[in-house]
Amino acid sequence: MSFEQVLSIVEPLCDALDTMHKQGIIHRDLKPENIFLTYSTSGDEVVKVLDLGLAKLLGTTDAYEGNFETQDGALLGTPYYMAPEQVNGSPIEPRTDLYALGALLYRMLSGVLPFTGRNPMEVFAAQRRHELKSIAELNGDTDVTDTCEKMVFRLLSYNALDRFPS
């Protein structure tokens, strides 16, 4: 995707996340399949965040607080976009969704997922190693600045406190 295309999607996506977070809602499953691009009746592109099936209202608890498994052991989220705290059972917060935003941005700007593996455990191990290739190098697009790349890498920080707070 071109840098301009990415911006046209990410700006309203950030606005949607900000609104959700101010209401105390953490999406927990932000991924390409849950972001829809539609058009208004006037022809303007509209970005919609869908599928709040895994969303969590801050201040509430459930049987497996912050854990990535349900009672039957099924994953609760999409491993490629899951923040480390979702995997290790640490408390979630807005930074959890910002990790997923970083993974989305990395993929949109570079054309590849930031961390991959043959199974969820390999993906999570790759997160811990945090060996990210340069977006500009993968993409070849000179519009991806060092500042932009540093922002994406910060969103993908393993430690939630190293990410932007909002």
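Residues numbered from 1 in each chain as written. Predicted model: local features only at pLDDT ≥ 70, side-chain atom pairs only at ≥ 80, totals over all residues. Heavy atoms only, no water.

Asker: What is the right way to read the side chain of H27 from this model?
Answerer: Examined against the element boundaries, H27 turns out to sit in the loop between β1 (25-26) and β2 (35-39). Assessed through its relative accessible area of 0%, H27 is described here as buried. Looking at H27, its side chain comes within polar contact range of the main-chain nitrogen of D29, at 3.1 Å. At 3.3 Å, the side chain of H27 forms a polar contact with the backbone nitrogen of L30. Discounting residues that sit within four places of it in the chain, H27 has contacts with M20, N34, V49, L50, D51, L52, L54, A55 and D97. (Helix = DSSP H or I, 4+ residues; strand = E, 2+ residues; numbered from the N terminus. Buried < 20%, exposed > 50% of the residue type's maximum accessible area, 1.4 Å probe, protein only. Polar contact = N/O pair within 3.5 Å; in protein donor to acceptor, adjacent residues only side chain to side chain. Contact = heavy atoms within 4.5 Å.)

Asker: How should the side chain of K31 be read in this particular structure?
Answerer: Here K31 is to be found in the loop between β1 and β2. Separated by 3.0 Å, the side chains of K31 and T78 make a polar contact. Look past the residues within four positions of K31 in its chain and what remains in contact with it is T78, Y81 and L104.

Asker: Explain the packing of aromatic side chains here, please?
Answerer: Any pair of aromatic rings gets described here by the distance separating the centres and the angle formed by the planes. A full pass over the atoms with the stated rule returns one aromatic pair. Aromatic pair Y106 and F153: ring centres 6.3 Å apart, planes at 40°, arrangement tilted. Pair noted here: Y106 is in helix α3 (residues 94-110) and F153 is in helix α6 (residues 146-155), with a separation of 47 residues, a long-range link. F153 sits in the partly exposed class, given a relative accessible area of 22%. Lying over the aromatic face of F164, R154 brings its terminal NZ or CZ to 4.0 Å of the ring centre. (Phe/Tyr/Trp six-rings, centres within 6.5 Å; stacked < 30°, edge-to-face > 60°. Lys NZ or Arg CZ within 6 Å of the ring centre and 35° of its normal.)

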